[in-house]
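Read off the chains here:
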Amino acid sequence: MDAHTKPWILFLKKPLSSCSVLLCITLAVLGLTWIQTMQSSPFGFLPWQSTPVSSVNPGSCASLYQPNYQKRKFISSIKDFGGIGDGITSNTQVFRKAVREMSKYGNKGGAQLNVPVGTWLTGSFNLTSNFTLFLEDGAVILGSQDMEEWPLIEPLPSYGRGRERLGPRHVSLIHGNGLNDVVITGNNGRIDGQGRMWWELWWNRTLNYTRGHLVEISNSNNILISNLTFLNSPFWTIHPVYCSNVVIRNMTILAPLNSPNTDGIDPDSSTNVCIEDCHIESGDDLVAIKSGWDQYGIKTARPSSNVTIQRITGTTPTCSGIGIGSEMSGGISNVYIKDINIYNCSSAVRLKTDVGRGGYITNVTIKNVTMRRVKIPIRFSHGANDHPDENFDPNAVPRVSNICVSNIFGENISRAPVLLGVEGAVYERVYMRNVSFRGVKMKEKWNCEFVQGEVYDVFPPPCEELVRSNGSSSVSSWCRAQF
């Protein structure tokens, strides 16, 4: 190379490098334009775009969420509304104002509220439609310790009262009612309910009204909750109720293992629900499907149906990995539970019903479950005498059918399965195949009552209520399709 050749001549002689530099210049200009747009208004073009979530895993059910806008058109930070993330200053009014202002853009392309790095103390606030709450990495939303910032709201019609106390109930920290297209997501930010204040009220029996959830969305559709860590909920952690097309995925949910009733995810009277790829540690059920309580649930008649629960891991020493009920009076059907890994639990899978519940549980598939150090691997239970009031109908008994269990393996299991139906109720077409529980003492026998079904290739040997089959004959069409 000639030492006197001008640099710009060399630049022209290398067309590939020229294109690269021109591309960089173009991107820089576009970047400056974007920054100027952002600076000229508290709202700007949304940098976050929802990836087609079903593309992450071929077996994902997350395509149930169908956003109205693939991109939110307007974006702002909680700081733009005066938020202070020092963990001390209350941002309750700031969050409420921010959502109220951003709701104006719901029909104009949607809006997103960013929560940046910091600790943002707040009481309860409501969400709006066509809206994303986005927590950046290092962002923490912290639940207020001022009970006045968790106002009272009416009980759910399908419960008739607060779940723990008569009358109204405390609202959830993050709440929404009658919405469409709501996203709560981020880069593994955290929402911490600081539930100990509420747990102590429960332990001390000084709780006046039912505790609030961490997140409750009701009467809504197209809900996505993902890529966050939820901590220390006062009561149930995520509670979608009367909803459709709900996706909850890639979540970490944590609460002390002795914290009361801190269920992980409780879909309630909801249809088309996808729960996948979550890790949960709590003081109650990791996931529990519900549909109303006794006569109130029967009257409301809002079932839970088409629920998929897959690739869940976790522990709860006193409760169930996956629970169905006990509030199931509106009915529960078409449930797919698969690829579950449970450890250090009281029960891995549990169906809970009772006299007075009525309702039904039908078409439930449970397969590919592994468990370690579990007391009772599979359990049907009743008799908790847990009713909203004395007006329940003792003749309203549940109907349970088409429970299909396959490919279940457990080690260090304390007891054989316990399958106790309700006397006078229908518990039929319970099928199990390829089920093995190791570690059960030889003297331990299955405990079965008021149930009927068939088993094939199970260990330890089943109870006489479950007839051994040759693996083909009388299996229901529903279960045959699942095996």
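Quick caveat: nothing in here was measured; it's all calculated off a predicted structure.

Participant: In this structure, what is going on with the overall build of the protein chain? I would like to understand it.
Facilitator: Counting its regular elements, the protein chain contains six helices and 30 strands. When the 483 residues of the protein chain are sorted by exposure, 55% land in the buried category. Sequence-distant contacts in the protein chain: of pairs separated by 6 or more residues, those separated by 24 or more amount to 76%. Approximately 20300 Å² of the protein chain is accessible, and the part contributed by carbon and sulfur atoms is 52%.

Participant: How should I be thinking about the sheet that holds strand S16 (residues 238–241) in this particular structure?
Facilitator: The strands that make up a sheet pair up through hydrogen bonds in the backbone, lying either parallel or antiparallel. The four strands lie next to each other as S5-S10-S13-S16, forming an open sheet whose pairing is parallel. Looking along the sheet, the strands with just one partner apiece sit at the ends: strand S5 (125–126) and S16. In the sheet, S5 pairs with strand S10 (residues 174–177) via two bridges, with the strands oriented parallel. Note that in S10 the partner of Asn126 across the bridge is His175.

Participant: Honestly, the state of the cysteines in this entry has me stumped. Any pointers?
Facilitator: In a disulfide, the sulfur atoms of two cysteines are held together by a covalent bond. Under the defined criterion, the tally for this structure stands at two disulfides. Between Cys448 and Cys463 runs a disulfide, and the two sulfur atoms are separated by 2.0 Å. Linking Cys448 and Cys463, the disulfide has an S-S dihedral of approximately -80° and is accordingly described as left-handed. Highlighted residues: Cys448 in strand S28 (residues 447–449) and Cys463 in the loop between strand S29 (453–459) and strand S30 (466–468), separated in sequence by 15 residues. This pair shows no difference in class: Cys448 is buried, exactly as Cys463 is. We note that Cys319 lacks a disulfide partner, and the nearest cysteine sulfur, in Cys345, lies 9.0 Å from it. Looking at Cys319, the relative accessible area reads 14%, which means it is buried. A residue is classified by how much of its surface remains accessible, and Cys345, at 2% relative accessible area, is buried.

Participant: How should I be thinking about helix H4 (residues 196–203) in this particular structure?
Facilitator: Given 3.6 residues per turn, any residue in an α-helix points the same way as the ones three and four places further on. Along H4, the positions that sit buried rather than exposed are Met197, Trp198, Trp199 and Leu201. Its buried side turned inward, H4 meets strand S9 (169–170). Remark: Arg205 follows H4 within two positions and exhibits a positive phi of approximately 60°.

Participant: Is there a simple way to explain the packing of aromatic side chains in this structure?
Facilitator: One pass over the structure, following the stated rule, counts seven aromatic pairs. Centre to centre, the rings of Phe235 and Trp236 are 5.0 Å apart; their planes meet at 15°, and the pair counts as stacked. Of the two residues, Phe235 and Trp236, both sit in the buried class. Residue placement shows Arg163 over the ring face of Trp293; its charged tip is 3.9 Å from the ring centre. The ring of Phe459 is capped by Arg438, whose NZ or CZ atom sits 4.8 Å from the centre of that ring.

Participant: Hey, could you run me through empty space enclosed by the protein in this one?
Facilitator: Unoccupied space between atoms shows up once a probe the size of one water molecule is rolled over them. In total, this model carries three cavities of 30 Å³ or more according to the counting rule given. Counted as a void, the largest cavity has a volume near 100 Å³. The wall of the largest cavity is formed by 15 residues, among which Leu156, Arg163, Arg169, His213 and Trp236 lie closest to the centre. Each residue belonging to the lining of the largest cavity can be placed in one class, and the counts come to five nonpolar, five polar and five charged.

Participant: I'm lost on the side chain of Asn363 in this one. Help?
Facilitator: Mapped onto the fold, Asn363 is located in strand S24 (residues 360–381). Within the structure, the side chain of Asn363 is placed 2.9 Å from the side chain of Asn402, a separation counted as a polar contact. Not counting chain neighbours up to four residues away, the residues in contact with Asn363 comprise Ser333, Asn334, Val335, Ser401, Asn402 and Trp478.

Participant: Hey, could you run me through the layout of surface pockets in this one?
Facilitator: The calculated volume of the largest pocket comes to roughly 520 Å³. Residue lining of the largest pocket: 27 residues in total, with Arg163, Asn261, Ser326, Glu327 and Asp386 positioned closest to the centre. Those elements that provide at least two residues to the lining of the largest pocket are strand S23 (332–352) and S24.

What counts as what
Within every chain, residues take consecutive numbers counted from 1 along the sequence as written. This being a predicted model, a pLDDT of at least 70 is required before a residue's local features are given, and a value of 80 or more before pairs of side-chain atoms are given or counted; all residues contribute to the totals for chains, interfaces and linings. For the side-chain quantities, the full set of heavy atoms in the structure was used; hydrogens and water were omitted. Under the scheme used here, helices are H or I runs from DSSP no shorter than 4 residues and strands are E runs no shorter than 2 residues, and both carry numbers assigned from the N terminus. A 1.4 Å probe rolled over the protein chains alone gives each residue an accessible area, and that area as a share of the maximum for its type sets the label: buried under 20%, exposed over 50%, partly exposed in between. Should any heavy atoms of two residues lie within 4.5 Å, those residues are counted as being in contact. The Shrake-Rupley method, run with a 1.4 Å probe sphere, supplies the accessible areas, and residue values consider only the shown protein chains as cover. Pairing between strands is defined by DSSP: at least two bridges between the two strands are required. Whenever a pair of cysteine sulfur atoms sits within 2.5 Å, that pair is classed as a disulfide. Aromatic contacts are taken between Phe, Tyr and Trp rings whose centres are within 6.5 Å, Trp giving its six-membered ring; a plane angle under 30 degrees counts as stacked, one over 60 as edge-to-face, and the others as tilted. Two conditions define a charge located above a ring, namely a distance within 6 Å from the ring centre to NZ of Lys or CZ of Arg, and an angle within 35 degrees of the ring normal. Put simply, the grid is 1 Å and covers the protein atoms alone, a cavity is a trapped set of points that fit a 1.4 Å probe, a pocket is an open set with protein on both sides within 12 Å along at least five of seven lines, and lining residues have an atom within 4 Å of a point. Grid points are joined across faces, edges and corners, and a volume is the space filled by probe spheres set on the points. Any residue that is not Ala, Val, Leu, Ile, Met, Phe, Trp, Tyr, Cys, Pro, Asp, Glu, Lys or Arg is counted as polar, Gly included; the first ten are nonpolar and the last four charged. Counted as a polar contact is a pair of N or O atoms within 3.5 Å, where, for protein atoms, one must be capable of donating a hydrogen and the other of accepting one, and residues adjacent in sequence contribute only when both atoms are in side chains.

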